[in-house]
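# Observations on the three-dimensional arrangement
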2 protein chains.
Amino acid sequence: MKKGIYLENTPLDEALKIWRKALDRVNFRQMPSEDVKVHEALGRVTAGAVFARISSPFYHSSAMDGYAVKFAETFGASESHPKTLCIPEQARYVDTGDPVPDGFTAVIMIEDVNPVQCDGGEGIEILSPATPWQHVRVIGEDIVSTELILPENHKIRPVDIGALLSGGHTEIKVRKHPRIAVIPTGTELVEPGGPLKKGDIIEYNSRILSALVTEWGGKPIRFGPVPDEPELLQQTLKKACELYDVVVINAGSSAGSEDYTAACIRALGEVVLHGVDIKPGKPVILGLVQGKPVLGIPGYPVSAYITFNLFAKKLVHALQGIEPPEPEKMTARLSRQVASSLGQEEFLRVKLGRVGGNLIATPVSRGAGVLMSLVRADGFVRVPATSEGFGAGAEVQVEMLRGKDEIEQTIVCIGSHDNALDLLANLLRREHPRFSLSSAHVGSMGGLIALRKGEAHIAGTHLLDEESGEYNVPYIKKIFGEKRMFLFNLVYREQGFMVLRGNPKNIRGFEDLTRSDICFINRQGGSGTRLLTDKHLRDRRISPQQVAGYEREEYTHMGVASAVLTGIADTGVGILAAAQALDLEFIPVAHERYDLAIPADFVELPNIAALLDIIRNSREFRGAVAALGGYDVTDMGKLLYES
Amino acid sequence: MKKGIYLENTPLDEALKIWRKALDRVNFRQMPSEDVKVHEALGRVTAGAVFARISSPFYHSSAMDGYAVKFAETFGASESHPKTLCIPEQARYVDTGDPVPDGFTAVIMIEDVNPVQCDGGEGIEILSPATPWQHVRVIGEDIVSTELILPENHKIRPVDIGALLSGGHTEIKVRKHPRIAVIPTGTELVEPGGPLKKGDIIEYNSRILSALVTEWGGKPIRFGPVPDEPELLQQTLKKACELYDVVVINAGSSAGSEDYTAACIRALGEVVLHGVDIKPGKPVILGLVQGKPVLGIPGYPVSAYITFNLFAKKLVHALQGIEPPEPEKMTARLSRQVASSLGQEEFLRVKLGRVGGNLIATPVSRGAGVLMSLVRADGFVRVPATSEGFGAGAEVQVEMLRGKDEIEQTIVCIGSHDNALDLLANLLRREHPRFSLSSAHVGSMGGLIALRKGEAHIAGTHLLDEESGEYNVPYIKKIFGEKRMFLFNLVYREQGFMVLRGNPKNIRGFEDLTRSDICFINRQGGSGTRLLTDKHLRDRRISPQQVAGYEREEYTHMGVASAVLTGIADTGVGILAAAQALDLEFIPVAHERYDLAIPADFVELPNIAALLDIIRNSREFRGAVAALGGYDVTDMGKLLYES
């Protein structure tokens, strides 16, 4: 059961069909019912139709404050010939909701009567006749006894609770919560919060899967991590199948030397399918043990999330007798080209932004291990198995992970990366919970081009023009031509070499990059930092071929810092704030200006205006940026250029 | 503080502005924070930005099952010149997730190596060189220490839980749940489930409001009903304002003799606004006591639901630092004309159905006391204060109460009412949770006309052609002309007079309707039952003027039955099933055929096909209908006519 297991390559549609058939075969059905108090039944699903036991109202009830009368006695009343009715024989005061006394057949509003004397007692004078049952809520106006209040398989909403109580129910039968066992496996797994050593993996997938089960109306039962011992895993699986409605094993679903999940399922039951042709998420296992569905979910978090949604979501809902809601969809344009393997359905994560009428989708990291790509994503684009990908500008359907209205309020910032943008994003969110700032890091030049193409609202830029020695303005003039633009300063900042504490390789300047014992890490082409690096190399007549690692590119300052910290490279160029964040040493190279470019059309938008207000006026923002280190915030928010 | 209080008529927009300003004035702000375990934080809102404490992965980790190598030692390997690497000096086996040993800089997949001898020990043969760090998840690939994981005011989703754990957090600060006191008031209120006497009102509004609070992320604290005693209410309000974040009083918000809510709020604090120009929901009170928002919510359940959504939803979200999601909207065409008062914004409840491409909105009951209208509604249409209503066919925006996908799967049945339709709706929902049957009762003729206008999928009809004595077919030929139609039998059923048990007025036939001591209740024009009634009266040469109550119309059999049971009328014509449901006596008048008319275009739709399958083949349905009494199910599902 070790090496030499080969996974199937079943297409997704077919896999879903096979799974459905397998479940039908074991007569997979809805949960049995239990009784719950109606006022505690929110979100539960009815296990049978509920009919009214009593009518509502259950007596003729006044719909107004006024006088109950007998309508026949009001005939002929008019302004010229008012009629007088005596209290209590002919008229009785009722508040809204009071029963209409027996024998009375209408209510006249308090505003429409005058108090008068009547046969020496109290009475009312009316100026118009009443119609039968006017202003009376007759018995059953809302619910007639025996009438259907809710059908079976109905998820109970707040109004339903009212209707059930009103119809005479205090307890109803609902489906029991499906109980889903979630079993993390792997000798390398450790519980969060403990001490960590190399090789440990913090076990968090089970917490994601459990939270999904909760969202879907199930009850997750999370097991402690089970080491990679086939007998132990088999025992655990057996017990879980006896006790719970669905069992999920994570991971060990691939074909590695410690992947025992498939063998365990086979030993106790049946593997229906092993391997689906999707990316990420291929090594999924669908099985049956004692008539219970067992899912082997891959270990990479993005794979786990996607496969669990594909194969468990419907199941957990079906156990309750309901369908999962369809994901919301939006049509967007891809901001850049995406290549994908033919024959494999890919789930591409994208960020979305509405820029001047266009909804723009920008792909984020495609790594199955990059959970943050899911945290940051606004939705999925499915690249069909029959497609090799999409061109830039292609129209795609996006399955939403965030609400549409949130997307509409998002500021799309594409361009150079600066740590101050994270602080800005956070402060915007705090001050204006409905707005958010979404940043994509493609370098200064890439940002300005995205801005020109209408793919972003703002771009962070620090492009030094070699000829004039001026920052940003010459590029804006060149790229935007006649288009009206604003340029606001965000910060001045320090760029320099990042090296390990103590500077073990004694790096002092660009000349050191040519040394054979130095491995450099570069920034991507089009970034301001890359231009800065190239300028300094050219000034010193150093060619890229002389710099080991020149061709290896990172996309952010933090990426470069991380590469240095972890020994992937000896040094790279970046900002002081990034070096300080990871406790690296810093050798200054340049003091540069970092601005935000914004098309004039956008500055009045409420979300952009709120952002500019923070940049211009927030002391907290100023202080927080200064505290990052290496920043000069003197001109923060200053309009430096306007075309 | 009794009569003579007049409500304001503040337009809704203005009321919302005034409310916002009042809250600003008392410095209404977000809840303080509390620490929760990350794995229990689903749905909570971050009370501050969360940055990664550790990188993920926190060591260079193999992304594949294979061999860790030093990439420099792999240079030059090719198919013609394989290279051999010795274990363990030059190559070490690693599983996915294992740390890459110190000094090793790449991983080669297990599939790409051949086991060989090396210096008398184990080794591997490789056929191509490795690139630096290939198949290695480098430190921080997912999350770099110090990086922003979640901003402040972010509602935590399942993936966020994973990212937080992965970034080294086991506890985080989230906003405390806002605690919303819900105080029902009214001497007439009784708790559900107890014995009932005339004048009692079952208290359920507080349960609806509490469930809404729960849906919005707050914690409802529901008080027991407080009688209409101003001192007691004032004490309760005072206590609630000391303990909780928002206080809701229901009801006593109008201007009746027992409406003390406004006076109580004024005694302890300030009434910001009393009376908003909306329908239903006018008598709402917005107040402040000790800096806490206090809402006086009207007593009618529909008014309570609407005003609570308008004035409390945003508040409960704002306390958590988030915005409520915008309601989903759809554009629909009104199936019939709607008149509305100028100067008052009306919230019209509608049912929706997609019929052959058109989304059709049909208004349901407008009574503020008809909670079932909310249970049955699919959405709201707002009729602006500046509008006198909409014409039939007008395009309207609908704020959805149910999911769009549910709407798309709904079968719209308009026409005659039969109790068997309720059973059918329920069975459809049980067998196919994604489908539902929505019935509107406008009579047989109205149903066929709606069908022709493309406003319904099916119509229930029992129209007797006097000339031919045939049911339905002559009408279908006349109304649909060339259009292809199917007519399926549902049931044969008994029509007759419904009277109280013991038949106290001794009603035997239509002749009795002319008696002066008999009050009749009629069905609406265009219904099959009305046609039947009119035919019998004509046959006996009785004119409508001779029948007391002829002009009073009900829209369903149950409505007629209820009117008879509750003494509104002495008798009316309806089906045996309705009489039996309310335990009335029944004097048979006719045996009639009740069919379902379906345009040929629709019979292949999955939802209609599923419905027809139940009608044709479900023994359970047949049995349940027969058990209602008065039905002949011999021809159930039989195709009686096809054009």
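This text gives an overview of the structure that appears in the document.

So, how was this worked out
- Residues numbered from 1 in each chain as written.
- Chains lettered and ligands numbered in written order.
- Predicted model: local features only at pLDDT ≥ 70, side-chain atom pairs only at ≥ 80, totals over all residues.
- Heavy atoms only, no water.
- Pairing = 2+ DSSP bridges.
- Helix = DSSP H or I, 4+ residues; strand = E, 2+ residues; numbered from the N terminus.
- Axes fitted to C-alpha atoms, helices over the stretch in contact; angles between N-to-C directions.
- Buried < 20%, exposed > 50% of the residue type's maximum accessible area, 1.4 Å probe, protein only.
- 1 Å grid on protein atoms, 1.4 Å probe; cavity = no way out; pocket = protein on both sides within 12 Å on 5 of 7 lines; lining within 4 Å.
- Points joined across faces, edges and corners; volume = space filled by probe spheres on them.
- Nonpolar A, V, L, I, M, F, W, Y, C, P; charged D, E, K, R; others polar.
- Salt bridge = Lys/Arg side-chain N within 4 Å of Asp/Glu carboxyl O.
- Least-squares fit on C-alpha atoms with pLDDT ≥ 70 in both.
- Contact = heavy atoms within 4.5 Å.
- Buried area = accessible area lost by both parts, 1.4 Å probe.
- Phe/Tyr/Trp six-rings, centres within 6.5 Å; stacked < 30°, edge-to-face > 60°.
- Lys NZ or Arg CZ within 6 Å of the ring centre and 35° of its normal.
- Disulfide = S-S within 2.5 Å.
- Parallel < 35°, antiparallel > 145°, perpendicular 65-115°, else oblique.
- Left-handed = near helix turned anticlockwise from the far one by under 90°.
- Patch = residues over 30% accessible without salt bridge, like charges linked within 9 Å, V, L, I, M, F, W, Y side chains within 5 Å.
- Areas by Shrake-Rupley, 256 points an atom, 1.4 Å probe, with all protein chains shown as cover.
- Lys, Arg positive; Asp, Glu negative; His and termini not counted.
- Charge placed at Lys NZ, Arg CZ, Asp CG, Glu CD.

## Structural notes on the sheet that holds strand S5 (residues 83-86) of chain B
Residues and elements named next belong to chain B. With respect to topology, 3 strands assemble into an open sheet ordered S5-S9-S8, the strand pairing being antiparallel. Each of the sheet's edge strands pairs with one partner strand only, and the pair in question is S5 and strand S8 (113-118). Shown here is a sheet whose adjacent strand axes are inclined to one another by a mean of 40 degrees, direction ignored. Alignment of S8 against strand S9 (residues 121-126), held across 6 bridges, turns out to be antiparallel. Along S9, the bridge assignment pairs Cys 118 with Gly 121.

## Quick word on the pairing of strand S24 (residues 345-355) of chain A
Residues and elements named next belong to chain A. A large share of S24 lies buried, amounting to 10 of its 11 residues. Across 2 bridges, strand S19 (residues 278-279) lies against S24 in parallel orientation. Note on S24: the bridge partner recorded for Lys 279 is Glu 346. By the bridge criterion, 6 bridges tie S24 to strand S25 (residues 358-363) in an arrangement that is antiparallel. If you follow Val 350 over to S25, its bridge partner there is Pro 363. Here S24 folds back onto S25 in antiparallel fashion, the turn holding 2 residues, of which Gly 356 has a positive phi close to 45 degrees.

## Notes on empty space enclosed by the protein
All names here are of chain A. All chains considered together, the criterion is met by 2 cavities of 30 Å³ or more. Here the largest cavity is characterised by a volume of approximately 80 Å³. Along its surface, the largest cavity is lined by Lys 351, Leu 352, Gly 353, Ile 360, Thr 362, Val 412, Cys 413, Ile 414, Ser 438 and Ala 440. Roughly 30 Å³ of volume is contained in the second largest cavity.

## With respect to the layout of surface pockets
Approximately 540 Å³ is the volume attributed to the second largest pocket. Around the second largest pocket, the lining is made up of 27 residues, and of these Phe71(A), Thr105(A), Trp133(A), Gly567(B) and Ile568(B) lie nearest the centre. Classifying every residue of the lining of the second largest pocket by side-chain character gives 14 nonpolar, 7 polar and 6 charged.

## Some points on the pattern of salt bridges
Enumeration over the complete set of coordinates arrives at 78 salt bridges over all chains. Each of the salt bridges in this network shares a partner with another, and the network as a whole consists of Glu152(A), Arg175(A), Arg430(B) and Glu620(B).

## Brief notes about the relation of the copies chain A and chain B
With an axial shift of 0.0 Å and an RMSD of 0.1 Å, the rotation relating chain A to chain B amounts to 180 degrees. Between the two chains, the operation in question is that of a two-fold axis. Nearest to the rotation axis, the C-alpha of Glu328(A) is located 5.1 Å from it, this being the minimum over chain A. When you check the interface residues of chain A against chain B, 99% turn up at the interface there too, and the contact is symmetric in its surfaces.

## What about the interface of chain A and chain B?
Listed as interface residues are 104 residues of chain A and, on the opposing side, 104 residues of chain B. Taking both sides of the interface into account, the surface hidden between chain A and chain B amounts to around 8,400 Å²; carbon and sulfur atoms contribute 62%. Of all elements in the fold, only strand S11 (148-150), helix H2 (158-166), strand S15 (201-202), helix H3 (205-215), helix H8 (371-376), helix H9 (404-408), helix H10 (419-431) and helix H14 (557-565) of chain A reach the threshold of two or more residues within the side of chain A that touches chain B. If one sorts the elements of the side of chain A that touches chain B by residue count, H2(A) sits on top with 8 residues. Here the side of chain A that touches chain B is built from residues that sort into 49 nonpolar, 25 polar and 30 charged.

## Structural notes on the packing of aromatic side chains
Residue and element names in this part refer to chain A. Summed over all chains, the structure comprises 18 aromatic pairs over all chains. One aromatic cluster in this structure is built from Tyr 305, Phe 347 and Phe 380. Between Lys 70 and the ring centre of Phe 104, over which it is positioned, the NZ or CZ distance is 4.9 Å.

## Some remarks on the state of the cysteines
Following the criterion strictly, the structure yields 2 disulfides over all chains and no others. At a sulfur-sulfur separation of 1.7 Å, the disulfide partner of Cys86(A) is Cys118(A). Negative torsions about the S-S bond denote left-handed disulfides, and the value of about -55 degrees found for Cys86(A) with Cys118(A) makes this one left-handed. Of this pair, Cys86(A) sits in strand S5 (residues 83-86) while Cys118(A) sits in strand S8 (residues 113-118); the two residues are 32 residues apart in sequence, bridging distant segments of the chain. On the basis of relative accessibility, which here comes to 8%, the residue Cys86(A) falls in the buried class. Left without a disulfide partner, Cys241(B) is nearest to the cysteine sulfur of Cys264(B), which lies 11 Å away. A residue is classified by how much of its surface remains accessible, and Cys241(B), at 0% relative accessible area, is buried.

## Digging into the side chain of Ser210(A)
Residues and elements named next belong to chain A. Looking at where Ser 210 falls in the secondary structure, it is placed in helix H3. Among the residues examined, Ser 210 registers a relative accessible area of 9% and is labelled buried. If near-sequence neighbours (up to four positions away) are discounted, Ser 210 is found in contact with Val 182, Pro 220 and Arg 222.

## What about the packing of H10(A) against helix H16 (residues 606-617) of chain A?
Residues and elements named next belong to chain A. At a minimum axis distance of 10 Å, the contact between H10 and H16 shows a crossing angle of 115 degrees. In terms of their interaxial angle, H10 and H16 are classed as roughly perpendicular. Note that H10 runs across H16; the crossing there is right-handed. Contacts between H10 and H16 involve Leu 424, Leu 427, Leu 428 and Glu 431 on the former and, on the latter, Asn 607, Ala 610, Leu 611, Ile 614 and Ile 615. Split by residue class, the contact of H10 with H16 holds 7 nonpolar, 1 polar and 1 charged.

## Brief notes about helix H14 (residues 557-565) of chain B
Residue and element names in this part refer to chain B. Buried residues dominate H14, accounting for 8 of its 9 residues. For H14, every residue scored as buried is listed here: His 557, Met 558, Gly 559, Val 560, Ala 561, Ser 562, Ala 563 and Val 564. Once H14 ends, the next one or two residues include Gly 567, with phi positive near 85 degrees.

## Section: the environment of Tyr260(A)
Structurally, the position occupied by Tyr260(A) is in the loop between strand S17 (246-250) and helix H5 (261-268). Linking Tyr260(A) and Leu233(A), residues 27 residues apart in sequence, is a C-alpha distance of 8.1 Å.

## Digging into the sheet that holds strand S20 (residues 285-289) of chain B
Residue and element names in this part refer to chain B. Taking strand neighbours across the sheet as the criterion, the 6 strands line up as S16-S13-S17-S21-S20-S18 in an open arrangement whose pairing is mixed. Each edge of the open sheet carries a strand with a single partner, namely strand S16 (219-222) and strand S18 (270-274). For this sheet, the mean angle separating the axes of adjacent strands, direction not counted, is 20 degrees. Bridging between strand S13 (residues 179-184) and S16 involves 4 bridges; their strand directions are parallel.

## What to know about a positive patch on the surface
A contiguous patch of positive charge on the surface is contributed by Lys17(A), Arg20(A), Lys21(A) and Arg434(B). Its place among the elements puts Lys21(A) in helix H1 (residues 12-25).

## A short note on the side chain of Asp465(A)
Residues and elements named next belong to chain A. Here Asp 465 is to be found in the loop between strand S31 (459-461) and helix H12 (473-480). Despite being buried, Asp 465 has no salt bridge partner; Lys 478 is the closest side chain of opposite charge, sitting 5.7 Å away. Residues in contact with Asp 465, not counting those within four places in the same chain, are Glu 470, Pro 474 and Tyr 475.

## Side note on the environment of Val190(B)
All names here are of chain B. On the secondary structure map, Val 190 appears in strand S14 (residues 189-190). Spatially, the C-alpha atoms of Val 190 and Gly 224 are 9.4 Å apart, while their sequence positions differ by 34 residues. Not counting the four nearest positions on each side in its chain, Val 190 is found in contact with Leu 196, Asp 200, Ile 201, Ile 202 and Glu 203.

## Considerations on unusual backbone geometry
Residues and elements named next belong to chain A. Here the residue pair Ile 87 and Pro 88 is connected by a cis peptide bond, since its omega of 5 degrees sits within 30 degrees of zero. Assignment of secondary structure puts Pro 88 in the loop between S5 and strand S6 (91-94). With a phi angle near 80 degrees, Thr 146 is a residue other than glycine that sits in the positive phi range. The residue Thr 146 is located in the loop between strand S10 (136-137) and S11 in this model. In this structure Thr 146 comes out as partly exposed when scored by relative accessible area, which is 28%. With a phi close to 55 degrees, Asp 583 is a non-glycine residue in the positive phi region. Tracing the sequence through the fold places Asp 583 in the loop between helix H15 (576-581) and strand S36 (585-599).

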